[in-house]
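Given next are the chains, with one letter for each unit.
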Amino acid sequence: MTALSRRAVITGMGVVSPLGSDLDTFWTGLIEGLSPVAEIQGFDASMYPTRIAAEIHDDRFPAVLARSDRVKPGRKTCFATTATRAALRDAGLDSTRWDPSRASVVIAPGFGDFRHDEVFSPAARAMSVDNSFDRGEYLKHTQRFVHSGASKRRDPGQLAIAIAQLHGLDGTVMCVDTACAASAQALQAAVRWIRRDSADIVLAGGADSMISPLGLASFCQLRVLSRRNDDPPRASRPFDADRDGFVLGEGAGMLVVEDYDHAVGRGARIHAEIVGVGSACDAYRATDPHPEGRGAIMAMSRCLEDAQIDPSMIGYVNAHGTSTQANDRIETTAIRSVFGPAARTVAVSSTKSSIGHLTEAAGAVEAIATALSLQRQTIHPTINYAEADPACDLDYVPNSARTARIDYALSNSFGFGGQCTSLLLRKW
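The following paragraphs examine the structure supplied in this document.

What counts as what
Starting from 1, residues in each chain are numbered consecutively following that chain's sequence as written. Only residues with pLDDT of at least 70 get local features here, since the model is predicted, and only at 80 or more are side-chain atom pairs given and counted; chain-wide, interface and lining totals rely on the full set of residues. Hydrogens are left out, water is left out, and the side-chain values use all remaining heavy atoms of the structure. Think of each axis as a best-fit line through the C-alpha atoms, taken over the contacting stretch in the case of a helix, with angles from 0 to 180 degrees between the N-to-C directions. In this description a helix means any DSSP run of H or I spanning at least four residues, a strand means any run of E spanning at least two, and both kinds are numbered starting from the N terminus. Angular relationships are summarised with four words: roughly parallel below 35 degrees, roughly antiparallel beyond 145, roughly perpendicular across 65 to 115, and oblique for the angles in between. Any two residues whose heavy atoms approach within 4.5 Å are treated as being in contact. All residues other than Ala, Val, Leu, Ile, Met, Phe, Trp, Tyr, Cys, Pro, Asp, Glu, Lys and Arg, Gly among them, are scored as polar; the first ten of these are nonpolar and the last four charged. Here a Phe, Tyr or Trp ring, Trp counted by its six-membered ring, pairs with any other such ring whose centre lies within 6.5 Å, and the pair is stacked when the planes are under 30 degrees apart, edge-to-face when over 60, and tilted otherwise. Only protein chains enter the accessibility calculation, which uses a 1.4 Å probe; a residue is then buried when its area is under 20% of its type maximum, exposed when over 50%, and partly exposed in between. Both a distance and an angle decide whether a charge sits over a ring: NZ of Lys or CZ of Arg must be within 6 Å of the ring centre and within 35 degrees of the ring normal. In a helix, the anticipated span is given by 1.5 Å times the number of residues less one. Between any two strands, pairing holds if DSSP finds at least two bridges. By nonpolar core is meant a set of buried Ala, Val, Leu, Ile, Met, Phe, Trp, Tyr and Cys residues that side-chain atoms within 4.5 Å join together. Note on definitions: salt bridges are taken to be side-chain nitrogens of Lys or Arg within 4 Å of carboxyl oxygens of Asp or Glu. By convention, the crossing between two helices is left-handed when the near helix turns anticlockwise from the far helix through less than a right angle, and right-handed when the turn is clockwise.

**Details of the packing of helix H7 (residues 182-195) against helix H13 (residues 362-376)**
Line of reasoning, step 1. Where H7 contacts H13, the axes come no closer than 5 Å and their chain directions differ by 65 degrees. Taken together, the axis directions place H7 and H13 in an arrangement best described as roughly perpendicular. Here Ser183, Ala184 and Leu187 of H7 lie close against H13, whose contacting residues are Ala362, Gly363, Ala364 and Ala367.
Line of reasoning, step 2. The residue inventory of the contact of H7 with H13, partitioned by class, reads five nonpolar, two polar and no charged.

**Overview of the packing of aromatic side chains**
Line of reasoning, step 1. Counted under the stated rule, the structure contains six aromatic pairs.
Line of reasoning, step 2. Relative to Tyr396, the ring of Phe239 has its centre 4.1 Å away and its plane inclined at 10 degrees; by these criteria the two rings are stacked. With Phe239 in the loop between helix H8 (213-222) and strand S7 (250-259) and Tyr396 in the loop between strand S11 (378-379) and strand S12 (402-403), this pair connects stretches of sequence that are 157 residues apart. Residue Phe239 shares its accessibility class with Tyr396, and that shared class is buried.
Line of reasoning, step 3. When the centroid spacing of 6.0 Å and the interplanar angle of 45 degrees are considered together, the rings of Tyr385 and Tyr396 count as tilted. Of the two residues, Tyr385 is situated in the loop between S11 and S12 and Tyr396 in the loop between S11 and S12; the sequence distance between them amounts to 11 residues.
Line of reasoning, step 4. Through pairs of rings, three or more aromatic residues link up here, namely Phe219, Phe246 and Phe416.
Line of reasoning, step 5. Just above the ring of Tyr260 sits the side chain of Arg7; from NZ or CZ to the centre is 4.6 Å.

**So, helix H11 (residues 325-339)**
Line of reasoning, step 1. Given a rise of 1.5 Å per residue, 15 residues ought to cover 21 Å, and the 22 Å separating the end C-alpha atoms of H11 matches this to within 8%.
Line of reasoning, step 2. Three or more residues of H11 are buried, namely Asn327, Asp328, Ile330, Glu331, Thr332, Ala334, Ile335, Val338 and Phe339.
Line of reasoning, step 3. If you follow the buried residues of H11, they end up packed against helix H10 (294-307), strand S9 (316-318), strand S10 (347-349) and strand S13 (408-415).
Line of reasoning, step 4. Backbone geometry just after H11 places Gly340 at a positive phi near 60 degrees.

**What about the pairing of strand S8 (residues 272-281)?**
Line of reasoning, step 1. With nine of 10 residues buried, S8 is to be regarded as a mostly interior element.
Line of reasoning, step 2. Judged from the three bridges that link them, strand S1 (residues 8-16) and S8 form a sheet pairing that is antiparallel. Paired with Val9 across the strands is Glu273, a residue of S8.
Line of reasoning, step 3. Summarising the sheet, S8 and strand S14 (residues 419-427) pair through nine bridges and their orientation is antiparallel. Note that in S14 the partner of Ile274 across the bridge is Leu425.

**Quick word on the nonpolar core**
Generally speaking, soluble globular proteins have nonpolar side chains that are buried together.
Line of reasoning, step 1. In terms of nonpolar packing, the biggest core is built from 49 residues, with Met13, Phe26, Val106, Val202, Ile368 and Leu425 touching the most fellow members.
Line of reasoning, step 2. One finds Ala307, Val346, Val348 and Tyr385 within the second-largest nonpolar core, a separate group that totals 29 residues.

**What to know about the side chain of His290**
Line of reasoning, step 1. Tracing the backbone shows His290 in the loop between S8 and H10.
Line of reasoning, step 2. Sequence-distant contacts of His290, defined by excluding residues within four places in its chain, comprise Asp282, Tyr284 and Ile330.

**Here's the deal with the sheet that holds S8**
Through backbone hydrogen bonds, the strands of a sheet pair up, either in parallel or in antiparallel fashion.
Line of reasoning, step 1. An order of S5-S4-S6-S7-S1-S8-S14-S13-S9-S10 is seen for the 10 strands of this open sheet, with the pairing classed as mixed. Edge strands, defined here as strands with exactly one partner in the open sheet, are strand S5 (173-175) and S10. Going from strand to strand, the sheet's axes swing by 25 degrees on average, the running direction of each strand aside.
Line of reasoning, step 2. Direction of pairing for S9 relative to S13: parallel, over a ladder of three bridges.

**Points about the pattern of salt bridges**
Line of reasoning, step 1. This structure, assessed with the given rule, holds 23 salt bridges.
Line of reasoning, step 2. Here Glu273 and Arg7 are joined by a salt bridge, their closest N and O atoms 3.0 Å apart. One end of the pair, Glu273, is in strand S8; the other, Arg7, is in the segment before S1, and 266 residues separate them in sequence.
Line of reasoning, step 3. Owing to a relative accessible area of 26%, Arg7 belongs among the partly exposed residues under this scheme.
Line of reasoning, step 4. A salt bridge links Asp208 to Lys76; the shortest N-O distance between them is 3.6 Å.

**Section: the environment of Ser21**
Line of reasoning, step 1. Here Ser21 shows up in the loop between S1 and helix H1 (23-31).
Line of reasoning, step 2. With 65 residues separating them in the primary sequence, Ser21 and Ala86 have C-alpha atoms 9.1 Å apart.

**Some points on the packing of helix H2 (residues 75-90) against helix H6 (residues 157-167)**
Helix-helix packing is described using two parameters, namely the angle between the two axes and the distance between the axes.
Line of reasoning, step 1. The interhelical angle for the contact between H2 and H6, taken along N-to-C directions, is 40 degrees, at an axis separation of 11 Å. By the angle class used here, H2 and H6 are oblique. Between H2 and H6 lies a crossing of right-handed hand. Here Thr77, Ala80, Thr81, Thr84, Arg85 and Leu88 of H2 lie close against H6, whose contacting residues are Leu159, Ile163, Leu166 and His167.

**Focus: the pairing of S14**
Line of reasoning, step 1. By the bridge criterion, eight bridges tie S13 to S14 in an arrangement that is antiparallel. Bridged to Leu410 within S14 is Leu424.
Line of reasoning, step 2. Hairpin remark: S13 followed by S14, antiparallel, with three residues in the connecting loop; positive phi at Gly417, about 85 degrees.

**A closer look at the side chain of Thr84**
Line of reasoning, step 1. Position of Thr84 relative to the elements: it lies in helix H2.
Line of reasoning, step 2. Not counting residues up to four positions away in its chain, the partners in contact with Thr84 are Ile163, His167, Leu203 and Met254.

**Some remarks on the environment of Ala296**
Line of reasoning, step 1. Looking at the secondary structure, you find Ala296 in helix H10.
Line of reasoning, step 2. Sequence separation of Ala296 and Ile330 is 34 residues, and the distance between their C-alpha atoms is 8.5 Å.
Line of reasoning, step 3. Those residues in contact with Ala296, other than ones at most four positions away along the chain, are Ala334, Phe414 and Cys420.

Here's what the structure looks like:
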């Protein structure tokens, strides 16, 4: 087999999500249409216009870092290391000998950990009543409030390095930071490395949490979050006519992407094959998708062309489906454009309806949901769907899971800045 004909398969998956931190619990929550969205507990959000999110309350994640690192890990690092260990265990790589020089890491790490007390306390104490700023006071309080190793936590690239060090992965190490498409693009990079014979194993995915005072304030300023504070479980409602914005979530998804021959050679179980990848940037605005869905159309079309698959062969689309007015309408338009007549029959659902938007981790977690759909021949519902929107006229699998025969499934991830990525998975 030539390098260019090498096939990329998924042999391991690990997830940390607001629904649970193992594959079965995560999947059961999706199938049952559960929603963990509630009032924010991690900090006082009472003064924000949005006071709800899909938080992870389990604080028992192992603080696992490389032996040489004595810095207390940030929240995302705990998510990532937990999901990584689960993915490697699921792939059987925790008990199998393999060449670490042929194992690479590509992760979407989010923006780094900026703790509230580190950012705001020094600045607040340096401000006087007349709004003048005392630099000396700022430096003094910065030394007091900034925690040990803050510069390391704030550097997104450190997460991939920590994962590589922890598991002795000596191949290429890379971070992808393209907003909400980032971890899907990390998976795309993994597929290309496998195809080009640059690696036999790639650990790919993402970890993120924007549920912090600074993160919440930023999204509130953009007016993209749901303000359905009086009904948190039903706030995320993709494609519904009454949707008013997305809900923040947090977590991590890590996948082991492996060369098919290498996987077979070591007797690995295969979850699914990634047969197509496609990306585009619509180059329109920082926070708005192109009104005609240009980037989404190009990403899906390139993905199908890469796989040499006709849209009529696809049984399921795991939509980006954020629950904002513009995204859901434009994604629907793009699916209709790419699928043509097949758009009338393809099933479409949004994982974000249950777990909220995991920002840079969303693409990887939703790829896991897509692989589980293929594996279990079941489509999880888009929950909270109550009123049809004339501009969103596809089959969104409303409110109840559906058994279906699915051979191919598409997973969409679209991010700020017009970043659009689609992955096509095949049932194994």
